[in-house]
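Residue-level structural notes
Here is what each chain is made of, one letter per residue.
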Amino acid sequence: MFTIGQVAAATELSPKAIRLYEADELIAPERTEAGYRLYRDEDLAVLHFVRQARVLGLGLADIKAILNLQRGGQQPCDLVMGILDERIAAIDRTMADLQALRTALAGARADAEQATLDGEDAVICRIIEHAVPPTT
């Protein structure tokens, strides 16, 4: 059995995060008569898993669903594959949005520089006044 401080050191999680994961029912440590939490090896394994899943960008709801399947005797790998596919698609969309924004910003800067060379006036700042919004 381990204390929360020992678990925090072993998992590189803060005690606050460990308590949050308990509140979200990802782990269920035992309690002493005085109310202190005591963690088992199984809790450490789950917390290591949670930490790795968070590194991959999985949300707590997804992690809980994975753990519930595993605890119910099912292999959660199909669910994990689906979650990872969704994360990859979201990242691809974000990258496309950022590339479109970069293109719009570079175009706005080039247009503003040309407008300055052409002697065009601006009410406040031609860079923003003449910017074309990015398309995605």
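This text follows the structure it describes.
Let me begin by describing the structure that accompanies this report. Computed from a prediction, not measured in an experiment: that's the story for all the values here. (Residues numbered from 1 in each chain as written. Predicted model: local features only at pLDDT ≥ 70, side-chain atom pairs only at ≥ 80, totals over all residues. Heavy atoms only, no water.)

1. Structural notes on the overall build of the protein
Counting secondary structure elements, the protein contains six helices and two strands. Its helices and strands taken in sequence order, the protein reads α-α-β-β-α-α-α-α from the N to the C terminus. For the protein, the C-alpha radius of gyration of 25 Å lies well beyond 14 Å, the compact-globule estimate for 136 residues. C-alpha extents for the protein along the principal axes are approximately 80 × 35 × 20 Å. Among the 136 residues that make up the protein, the fraction classed as buried is 23%. Taking the intrachain contacts of the protein between residues at least 6 apart in sequence as the baseline, contacts between residues at least 24 apart amount to 47%. The distance from the centre of the 14 positive side-chain charges to the centre of the 21 negative ones in the protein is 6 Å. (Helix = DSSP H or I, 4+ residues; strand = E, 2+ residues; numbered from the N terminus. Rg over C-alpha atoms; globule rule 2.2 N^0.38 Å. Buried < 20%, exposed > 50% of the residue type's maximum accessible area, 1.4 Å probe, protein only. Contact = heavy atoms within 4.5 Å. Lys, Arg positive; Asp, Glu negative; His and termini not counted. Charge placed at Lys NZ, Arg CZ, Asp CG, Glu CD.)

2. Overview of the packing of helix α3 (residues 41-55) against helix α4 (residues 60-71)
With their axes 10 Å apart at the nearest point, α3 and α4 run at an angle of 140 degrees to one another. The angle between the axes of α3 and α4 places the two elements in the oblique class. Helix-helix and strand crossings are classified by hand; for α3 and α4 the assignment is right-handed. Counted together, Val46, Phe49, Val50, Ala53 and Arg54 of α3 and Leu60, Ile63, Ile66, Leu67 and Arg71 of α4 form the full contact between these two elements. Class assignment of the residues belonging to the contact of α3 with α4 gives a composition of eight nonpolar, no polar and two charged. (Axes fitted to C-alpha atoms, helices over the stretch in contact; angles between N-to-C directions. Parallel < 35°, antiparallel > 145°, perpendicular 65-115°, else oblique. Left-handed = near helix turned anticlockwise from the far one by under 90°. Nonpolar A, V, L, I, M, F, W, Y, C, P; charged D, E, K, R; others polar.)

3. Observations regarding the pattern of salt bridges
Tallying each qualifying case throughout the model produces seven salt bridges. A salt bridge links arginine 31 to glutamate 22; its shortest N-O distance comes to 3.3 Å. For arginine 31, a relative accessible area of 46% puts it in the partly exposed group. Aspartate 43 serves as the salt-bridge partner of arginine 40, at 3.5 Å between the closest nitrogen and oxygen. Note on arginine 40: relative accessible area 25%, which makes it partly exposed. (Salt bridge = Lys/Arg side-chain N within 4 Å of Asp/Glu carboxyl O.)

4. Comments concerning helix α1 (residues 4-11)
Among the residues of α1, those classed as buried are Ile4, Val7, Ala8 and Thr11. One face of α1 carries all of its buried residues, which in axial projection span an arc of 100 degrees. The inward-facing, buried residues of α1 contact α2 (15-23), β2 (37-38) and α3. Looking one or two residues beyond α1, the residue adopting positive phi is glutamate 12, at roughly 60 degrees. (Arc of directions from axis to C-beta.)

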